[in-house]
There are 2 protein chains.
Amino acid sequence: MSFKYIKIAIYLLCLSGLSKVSGETKNVLILLADDAGFEMGAYLNKFCQTPNLDELAKRSLIFNNAFTSVSSCSPSRAQILTGQASHVNGMYGLHQGVHNFNVLPQVTSLPNILRQKSNGSILSGIIGKKHVGAAENFRFDYEQTEEHHSINQIGRNITNIKQYTKEFLTKAKNENKPFFLMVAFHDPHRCGHITPQYGEFCERWGSGEEGMGTIPDWKPIYYDWRNLEIPAYLPQTNIAQQELAAQYMTMSRLDQGVGLVLKELKEYGFNENTLVIFTSDNGPPFPGGRTNLYDFGIREPMFMYSPEPESRRHDTTSAMTSLLDIFPTVMDVFHFNTPNNTIPKTTGKSLLPLLHAEPKPDENDAVFGSQNFHEITMNYPMRMIRNRRYKLIHNLNYWSYFPIDQDLYTSPTFQQILNATITKTSLPWYKTLQTYYRRPEYELYDIKADPMELKNLATKPSYKKKLLELLQLLYKWQVETDDPWRCAPHAVLESQGPFKDNPACLSLGHDALGKPFADYEKYVIV
Amino acid sequence: MSFKYIKIAIYLLCLSGLSKVSGETKNVLILLADDAGFEMGAYLNKFCQTPNLDELAKRSLIFNNAFTSVSSCSPSRAQILTGQASHVNGMYGLHQGVHNFNVLPQVTSLPNILRQKSNGSILSGIIGKKHVGAAENFRFDYEQTEEHHSINQIGRNITNIKQYTKEFLTKAKNENKPFFLMVAFHDPHRCGHITPQYGEFCERWGSGEEGMGTIPDWKPIYYDWRNLEIPAYLPQTNIAQQELAAQYMTMSRLDQGVGLVLKELKEYGFNENTLVIFTSDNGPPFPGGRTNLYDFGIREPMFMYSPEPESRRHDTTSAMTSLLDIFPTVMDVFHFNTPNNTIPKTTGKSLLPLLHAEPKPDENDAVFGSQNFHEITMNYPMRMIRNRRYKLIHNLNYWSYFPIDQDLYTSPTFQQILNATITKTSLPWYKTLQTYYRRPEYELYDIKADPMELKNLATKPSYKKKLLELLQLLYKWQVETDDPWRCAPHAVLESQGPFKDNPACLSLGHDALGKPFADYEKYVIV
């Protein structure tokens, strides 16, 4: 018996032993929404009906401070599966088509590392939207994704999702293997720029209406837009209300899909030994949401259900949580250490301890953000640190206009904002298109006093100390994670040759040329 | 015998038949320099000694208007091997490390298509610097590259290059196959930011000096920098002269390497049936050169030797030539049509007809340029059209400062410019760092009257018609090649759903917000 097999035998012994001692958690199920915000009863939305999500929340620890580190689909999924920020794993933007982003060749991911560490004794699966690559970096044992089906059929047809879930669970049962399953719904993503005939959010696709086809397991919920309360982030207009009605309808498909998957989990007897995490990849596809590092773009719903009896249930945590924490959490469930001897390190932490005790909150608890691209043409890299009170955003291409993606551009909400701007018509929105497009290099917000992130404190002399403090913490994180952009935009990173052991940011002399734009003040990191 | 094999048999018959009828060309050898400009006798450089290149030039058609469509290493190599501009094939920037650019999954390349079309009866090989990927998109039958060796050993050690050339030619001879071989030298690329101990251009590596090792076949040529004439593009300083002395020394290694490879070609009897093309990937690594679409960055040396007796020799052509033409030229040698039924089309044309007659020059003959990234952090996309008289550059992220790469940054020339700028010391350079960094959206130059591209005519009312005409031709090329950036920076491209058959550029309303920068004038494409 080789050392390798002894290690695996010990691992399997531990696993069975631990199951008996500590409770039941043997498997992990991640339920991932696509562009969802807080449109659910569990997060006190009074209109959007989500009984299945609410039921899960009742059994779960509810996160009130969960944030994605990146507000874009492929990079967010890559962060979940690799435990690394976008600038670390190389998934800088969207994976598909001309965007063609892939993680760096050497990057590993949950399915790969679990297979390798358990020598194939853990079964991994993905059902729904995958949207990451290259294929070899994310090789699940079981895959039913847009690579094999049309995205709606595998991401929005909850009857299909149910069937594939059954297939996967049957396999796990027959092979008697612990499993890691990710069910990645395509709802409530927009589809207006591709298939508007189904509604702006594809909310009518499969609804049984004429020409829409039927999803047998879906009972659509229709909303009268006139009743809906508009979140403060959106223009206070009928258009926004109509958008919400469509978005809420598609949330019902997501919600019922979650219900179906959880029902199967129970019927297969896995409810008693499976950790379930529900969350979303990034904020809703509205201005200020997806592709932004404002809270509307990065704050995520998150429930974590643990089958272990002593776990917190229907309780909330205010722990500052990053989706980067999911990777070490899953590793922790399977009793593996997160590889931290690799350079650059993963920076997340296991969330399992939260199931047992709420840590003492500290005002300095922080999460980080790293946005680079979305579409390949949308170069607007940003870095962010957010603690309980403050948020600092560093806009690295602040000279440029903030870019608008193809999907958002055609949305009724953005079109209304654009048209009002062009025709100089007033619009009840908390921003103007001008302020949305043109951002200063640094944005500092006191989130407690200014949750809408409207008053930039970065240039206020009284906040200079706070700004410097946060900038230094942000820069420290960038150095620790070997951020290729950490010297941008006013310096060049040198890290080879004479700089190999002491990488340095060397000035481009922009300052020497004066300040061509008056709307920022440059602070130097001491 | 299946249809497939009949087709191959016909192909082989044709090939042997055609060899007899039309002369001898059976094989193609591409000799590629790395960052070389016109530092050679054949292009009337009076100082740099390049007897082997000059000898090749004497037997060749010499190109006086050859241009790369992109001024960056990986994208340029990808353009040569795919026949597609950077924005078409997806190699938007550097391939290695954190940059991680790869061509789009469906893109084919010369080695792949030749193998497929000839059913493996053509042997393909690459020796030296490859620098493109993914591997499956560029699979040569024979590869000796930086993926198997240190880059200096395979790219600058001309004795190694000679040995591998012999190995490849032996294989071609033994297998009796026509071949496509690319020998890609790493000279005269800089290395100052990685291994400055070998000199700024690694010019002393392998020179036999103490600690430098020896390349048996290389007889280094040393230059006294005080004698050297400085090209107009560079600061007229001692520093620039010293840079030139180093660059010229490394050119001697390239030159002698070319000599060795051509000697082997002859000794193996392939001189009589091999088309030889010598060129360089992009302009020299100086400000205004590599990563720029100014002539210093895109104008390339190019010789084409044909073994066929009636070919033009020691003759010059002024045909407007793009490195995009190499792909269809190689296809033409092997009697294959360039795949033009694919969308987007390759836009190059075979250069073989030039071997027989110089076409009548037309002032409107044009080449195109498409630059996107170099390093991943260097987002400064540009598009260009250049005819015999005019050049128009469209800077898509003109708001931003022009980016400086890690390699150029540490160069003595750039450091001198930067320091002079910071200390406000005067410097005899044809630009200032301010004008270099800050570029208007449109740059229009009358190259005939202003070869240094100093007088921007884009905002001159008398050139408005010319500007519009060139803009329209440029935009037409972008549409034909399905450029993802073709609506940037003031509009969003919509090409799906309702726009599938009629893709459109939809305004972002920047104009409605006024013109925040006074240094450009926006022209609308009619």
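Before reading further, recall that the structure is shown in the block above.
Every value quoted in this text rests on a predicted model; they were computed, and no experiment measured them. (Residues numbered from 1 in each chain as written. Chains lettered and ligands numbered in written order. Predicted model: local features only at pLDDT ≥ 70, side-chain atom pairs only at ≥ 80, totals over all residues. Heavy atoms only, no water.)

### Here we look at the nonpolar core
The nonpolar side chains of a soluble globular protein tend to be buried with one another.
Line of reasoning, step 1. Ranked by internal contacts, the top residues of the largest apolar core, which has 265 residues, are L31, F180 and F278 of chain A together with L31, F180 and F278 of chain B.
Line of reasoning, step 2. Tallying contributions element by element places helix α8 (residues 238-267) of chain A first for this core, with 13 residues.
Line of reasoning, step 3. Leaving out residues up to four positions away in the same chain, L31 of chain A has contacts with L56, V183, F185, V258, V261, L262, V276, I277, F278 and T279 of chain A. (Core = buried A, V, L, I, M, F, W, Y, C linked by side-chain atoms within 4.5 Å. Buried < 20%, exposed > 50% of the residue type's maximum accessible area, 1.4 Å probe, protein only. Helix = DSSP H or I, 4+ residues; strand = E, 2+ residues; numbered from the N terminus. Contact = heavy atoms within 4.5 Å.)

### Quick notes on the relation of the copies chain B and chain A
Line of reasoning, step 1. At an RMSD of 0.0 Å, chain B and chain A line up after a rotation of 180° and a shift of 0.0 Å along the axis. The symmetry that links the two subunits is that of a two-fold axis. Taking C-alpha positions as the reference, the residue of chain B nearest the rotation axis is W399 of chain B, at 2.7 Å.
Line of reasoning, step 2. Looking at the interface residues of chain B, 100% of them are also at the interface in chain A, so both copies use one shared face. (Least-squares fit on C-alpha atoms with pLDDT ≥ 70 in both.)

### Some thoughts on the interface of chain B and chain A
Line of reasoning, step 1. Each partner contributes to the interface: chain B provides 52 residues, whereas chain A provides 52 residues.
Line of reasoning, step 2. When chain B packs against chain A, close to 4500 Å² is buried across both sides, 63% of that on carbon and sulfur atoms.
Line of reasoning, step 3. At the boundary of chain B and chain A, one finds 13 residue pairs in polar contact (both at pLDDT 80 or more).
Line of reasoning, step 4. Counting only elements with at least two residues in the side of chain B that touches chain A, the list comes to α11 (406-409), α12 (412-422), α13 (433-437), β16 (491-494) and β17 (504-507) of chain B. (Buried area = accessible area lost by both parts, 1.4 Å probe. Polar contact = N/O pair within 3.5 Å; in protein donor to acceptor, adjacent residues only side chain to side chain.)

### Some words on the state of the cysteines
Line of reasoning, step 1. Applying the stated criterion across every chain, the model contains 4 disulfides over all chains.
Line of reasoning, step 2. Paired through a disulfide, C191 of chain A and C202 of chain A show a sulfur-sulfur distance of 2.3 Å. Since a negative S-S torsion denotes a left-handed disulfide, the C191 of chain A-C202 of chain A link at about 115° is right-handed. Of the two residues, C191 of chain A is situated in the loop between β6 (179-184) and α8 and C202 of chain A in the loop between β6 and α8; the sequence distance between them amounts to 11 residues. Accessibility classification places C191 of chain A together with C202 of chain A in one group, the buried group.
Line of reasoning, step 3. Residue C487 of chain A pairs covalently with C505 of chain A via a disulfide, S to S 2.0 Å. Handedness of the C487 of chain A-C505 of chain A disulfide follows from its S-S torsion of about -80°: it is left-handed. Taken as a pair, C487 of chain A in the loop between α14 (464-480) and β16 (491-494) and C505 of chain A in strand β17 (residues 504-507) lie far apart in primary sequence, 18 residues in all.
Line of reasoning, step 4. C505 of chain A gets classed as partly exposed once you look at its relative accessible area, which sits at 31%.
Line of reasoning, step 5. Disulfide connectivity for chain A, with bonded cysteines indexed by sequence position, reads 1-2, 3-4.
Line of reasoning, step 6. C191 of chain A provides the cysteine sulfur closest to C48 of chain A, a residue in no disulfide bond, and the two sulfurs are 17 Å apart.
Line of reasoning, step 7. Here C73 of chain B is not disulfide-linked; the sulfur of C191 of chain B is the nearest cysteine sulfur, at 15 Å. (Disulfide = S-S within 2.5 Å.)

### A word on the packing of aromatic side chains
Line of reasoning, step 1. Using the criterion set out here, one finds 51 aromatic pairs over all chains in the structure.
Line of reasoning, step 2. Between F140 of chain A and F180 of chain A, the aromatic rings sit 6.3 Å apart at their centres with planes inclined by 20°, giving stacked as the arrangement. A residue pair is termed long-range when its members are at least 10 positions apart, and F140 of chain A in the loop between β4 (123-128) and β5 (142-145) and F180 of chain A in strand β6 qualify at 40 residues.
Line of reasoning, step 3. Given the relative accessible area of 5%, F140 of chain A is considered buried.
Line of reasoning, step 4. In textbook terms, an aromatic cluster arises when at least three aromatic residues are bridged by ring pairs, as seen for Y92, F101, F373 and W485 of chain A together with Y92, F101, F373 and W485 of chain B.
Line of reasoning, step 5. The ring of F402 of chain A has R439 of chain A sitting right over it, with the charged end atom 3.6 Å from the ring centre. (Phe/Tyr/Trp six-rings, centres within 6.5 Å; stacked < 30°, edge-to-face > 60°. Lys NZ or Arg CZ within 6 Å of the ring centre and 35° of its normal.)

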